[in-house]
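A look at the structure
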Amino acid sequence: MRVVLLLLALAATATAFRTLTFAPRKQSLLHVEKLEGNPEYKKVFVAGGTKGVGLSVVQQLSAAGTDCVCVARDESAVKMLNDLPHVTAVQGDAFDYKSIEDSMWGCDAVVTTLGGQTEDGRRVDYEGNNNVIESAGILGVTRLVLVTSVGCGDSADAAPPAVFEALKDVLQDKEKAERVLQRYYTNMNWTIVRPGGLKSEPATGKAVLTEDRMAIGSVHREDVAKLVIEALKSAKTKKKVLAAVDMTLGGDREVEEFVL
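Let me sum up the structure you'll find in this document. (Residues numbered from 1 in each chain as written. Predicted model: local features only at pLDDT ≥ 70, side-chain atom pairs only at ≥ 80, totals over all residues. Heavy atoms only, no water.)

**Focus on the environment of arginine 194**
Filter applied, for reference: A run of H or I in DSSP counts as a helix once it spans at least four residues, and a run of E counts as a strand once it spans at least two, with each numbered from the N terminus. With a 1.4 Å probe rolled over the protein chains alone, any residue whose accessible area is under 20% of its type maximum counts as buried; one over 50% counts as exposed, and the rest are partly exposed. Contacts described as polar in this section are N or O atom pairs within 3.5 Å, which, within protein, must combine one atom able to donate a hydrogen with one able to accept it, while residues neighboring in sequence count only if both atoms come from side chains.
Among the secondary structure elements, arginine 194 is positioned in strand β6 (residues 189-195). In this structure arginine 194 comes out as buried when scored by relative accessible area, which is 4%. Expressed as a C-alpha distance, the spacing of arginine 194 and glycine 151, which sit 43 residues apart in the sequence, is 8.2 Å. There is a polar contact of 2.8 Å between the side chain of arginine 194 and the side chain of aspartate 154. Polar side-chain contacts of arginine 194 include one of 2.8 Å to the side chain of glutamate 178.

In structure tokens:
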């Protein structure tokens, strides 16, 4: 009788083990579904968030309830950003790699709009962006949107010759940052957004993203910021280089919109 009971117990155990081993894992299925959809990021590091497109990105993310982290050299800029809801700003410098890495800790996505130069002529377009890209790589922040300019890389012919010549040094530095991202961070989910001529006027809501390398024209900074955020959250923009233009502000060619 004991032998029979033991055999029955072993059979029941084996059956339970098979059920446990081969039962569908709901958690894995949910994970796959999440990967296939558009991601939502909880904390975004924004480099260049003190002015222009970067500030508009911070303001729009803040208004949507997304936590943002920014670095600013000036105390007044730090205070201005910290007055926004969901924004944490710390004093630091894009030229200082360590301050960027330390500030980025805990973020799950990055937007960098860095550009311009210091009073002594030091340009942040390559060096600062390189620090941001390298920090993201070291920390494992795989989602990054780099904002550069029409005229960089394979869009050089889109810029009128006189404009390209005047901005040549700036465009070369921005292009160097693009190349670093494209060549050395192959495991990163990056997107490059190249705005046309930037204007500081209210959004028109008519700006678009396009893969057209000859796209050229003006675009308002608020519109670019909105497109950058939409690109950040879209699964379709992985390793895409996109121009941002507003054809309602003038332009000599029609472009095909990249639909997010």
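**Side note on the sheet that holds strand β5 (residues 143-147)**
Inclusion rule: At least two DSSP bridges between two strands are needed for those strands to be called paired. The convention used is that axes are lines fitted to C-alpha atoms, helices contributing only their stretch in contact, and that angles between N-to-C directions extend from 0 to 180 degrees. Two residues qualify as a contact provided that any one of their heavy atoms is within 4.5 Å of a heavy atom in the partner residue.
Taking strand neighbours across the sheet as the criterion, the 8 strands line up as β3-β2-β1-β4-β5-β6-β10-β8 in an open arrangement whose pairing is mixed. Each edge of the open sheet carries a strand with a single partner, namely β3 (87-91) and β8 (208-210). Averaged over all adjacent pairs, the angle separating strand axes in this sheet is 20 degrees, with direction ignored. Examined bridge by bridge, β6 and strand β10 (residues 240-245) share 5 bridges and lie parallel to one another. Bridge pairing links proline 195 to alanine 244 in β10. Sitting on the sheet, helix α3 (residues 52-63) touches β1 (43-47), β2 (67-72), β3 and β4 (109-112), and the angle it makes with β1 is about 160 degrees. Taken strand by strand, helix α5 (residues 97-104) contacts β1, β2, β3 and β4, and its axis lies near 165 degrees from that of β2.

**Observations regarding the packing of aromatic side chains**
Keep this limit in mind: Only Phe, Tyr and Trp rings take part, Trp by its six-membered ring, and two of them pair if their centres are within 6.5 Å. Stacked means planes under 30 degrees apart, edge-to-face means over 60, and tilted covers everything else. Put simply, a charge is over a ring when the Lys NZ or the Arg CZ is close to the ring centre, within 6 Å, and near the line of the ring normal, within 35 degrees.
With the rule as written, the count across this model stands at 0 aromatic pairs. Cation over ring: arginine 122 sits above phenylalanine 95, and NZ or CZ is 4.1 Å from the ring centre. The ring of tyrosine 126 has lysine 176 lying over it, and the distance from NZ or CZ to the ring centre is 4.2 Å.

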